[in-house]
Amino acid sequence: MILVLRALGVGDLATGVPALRALRAAYPDEELALVAPRWLAPLVDLVGGVDRLVEADGLGHLAWPGPPPELAVNLHGRGPQSHRMLAGVRPGRLLAFANAEAGHRDGPDWRAEEHEIDRWCRMLAWYGIPADRTDLALRRPEPGRTPTGVSIVHPGAKAAQRRWPPARFAQVARALTERGHRVVVTGTAGERSIAEQVRALAGLPAGAVLAGETGLGELATLVAHARLVVSGDTGIGHLATAYATPSVLLFGPVPPAQWGPPPDRPWHQALWVGQRQPVDAAAVHPALAALDVPAVLAAVERVERGTPLATRR
């Protein structure tokens, strides 16, 4: 039994796919259980290779009814809390970054500025488990009744600093519509008001707002069969990467060097103006605010042509 901890969100699971696949390949005959939030189950199914989902919403005591796993793997963080959570199930061995505070001196050192994909591939490589950082694709669901060929504008994000102004998203949506795109606006139920604001300012029909109407599985299907995704640095951007759907992703405050799509894929454009000092934690970050509508529309043209961009890193 291999027990893997990754109790985070959509982007976190998507960037952990190469490491999960590497563990599956290294232990093909062992049951692989993933500790993650239950709501991620539709995405876990699309990853493949995971035999069981163990529900956990964040860190804390893990109710583990079975015998101790032979191997526990921390793909969640540097510790100590995540290390201790896995140590609590008494695994035969723990693969994790070195953390003296957690009593785990094995493993490589943590690198704060490392890309999230490379971080976990490097950790496994330290233990002799090779991982392919390019192995990011998810299984492509059949569309069914899901709209296909749409261009997705996704204005929401968990943190206010990562939300580009709705008025600018609306300008992008209006310009895309004028260019012949069929635009839909996505988001969570809590982001419905932002999506409606974008729709109204862009002059889109009422049915263009899908925020709060798509579960995670439906959202993945929508992205898998979309023409384009325009969003900030949030989970839907990672879905676009997983399905090789052309995307323009707006970064700030975190640079794409840590969370962006692979830079050698010209159908993904990660826009980034460089480091800026934050002014107000409740306002859009200056690095994101510095991106204007013409820059985004120019990036859309590049992804549709497949022309690379020398992104500032």
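Parameters and conventions
Residues numbered from 1 in each chain as written. Predicted model: local features only at pLDDT ≥ 70, side-chain atom pairs only at ≥ 80, totals over all residues. Heavy atoms only, no water. Pairing = 2+ DSSP bridges. Helix = DSSP H or I, 4+ residues; strand = E, 2+ residues; numbered from the N terminus. Axes fitted to C-alpha atoms, helices over the stretch in contact; angles between N-to-C directions. Contact = heavy atoms within 4.5 Å. Buried < 20%, exposed > 50% of the residue type's maximum accessible area, 1.4 Å probe, protein only. Right-handed = clockwise from strand over helix to strand, strands pointing away.

A. Examining the sheet that holds strand 10 (residues 268-271) more closely. Taken in spatial order, the 5 strands make up an open sheet running 7-6-8-9-10, and their pairing is parallel. With one partner strand each, in any of the chains shown, strand 7 (183-185) and strand 10 form the two edges of the open sheet. Averaged over all adjacent pairs, the angle separating strand axes in this sheet is 15°, with direction ignored. On the sheet, helix 12 (residues 293-305) packs against strand 8 (228-232), strand 9 (247-250) and strand 10 and is oriented at approximately 160° with respect to strand 10.

B. Main features of helix 8 (residues 216-224). Within helix 8, 8 of the 9 residues are buried, which leaves the element mostly enclosed by the surrounding structure. For helix 8, the set of buried residues is Leu216, Gly217, Leu219, Ala220, Thr221, Leu222, Val223 and Ala224. Contacts from the buried residues of helix 8 go to helix 1 (10-15), helix 3 (41-47), strand 6 (151-154), strand 7, strand 8 and helix 9 (235-242).

C. Expanded view of the pairing of strand 6. Burial of the side chains of strand 6 extends over both faces: Ser151 and Val153 are buried on one face and Ile152 and His154 on the other. Sheet analysis places strand 6 next to strand 7, joined by 3 bridges and oriented parallel. Bridged to Val153 within strand 7 is Val185. In terms of handedness, the path from strand 6 via helix 6 (residues 166-178) over to strand 7 forms a crossover that is right-handed. In this sheet, strand 8 lies alongside strand 6 in parallel orientation, the contact comprising 4 bridges. Within strand 8, the residue paired with His154 across the bridge is Ser231.

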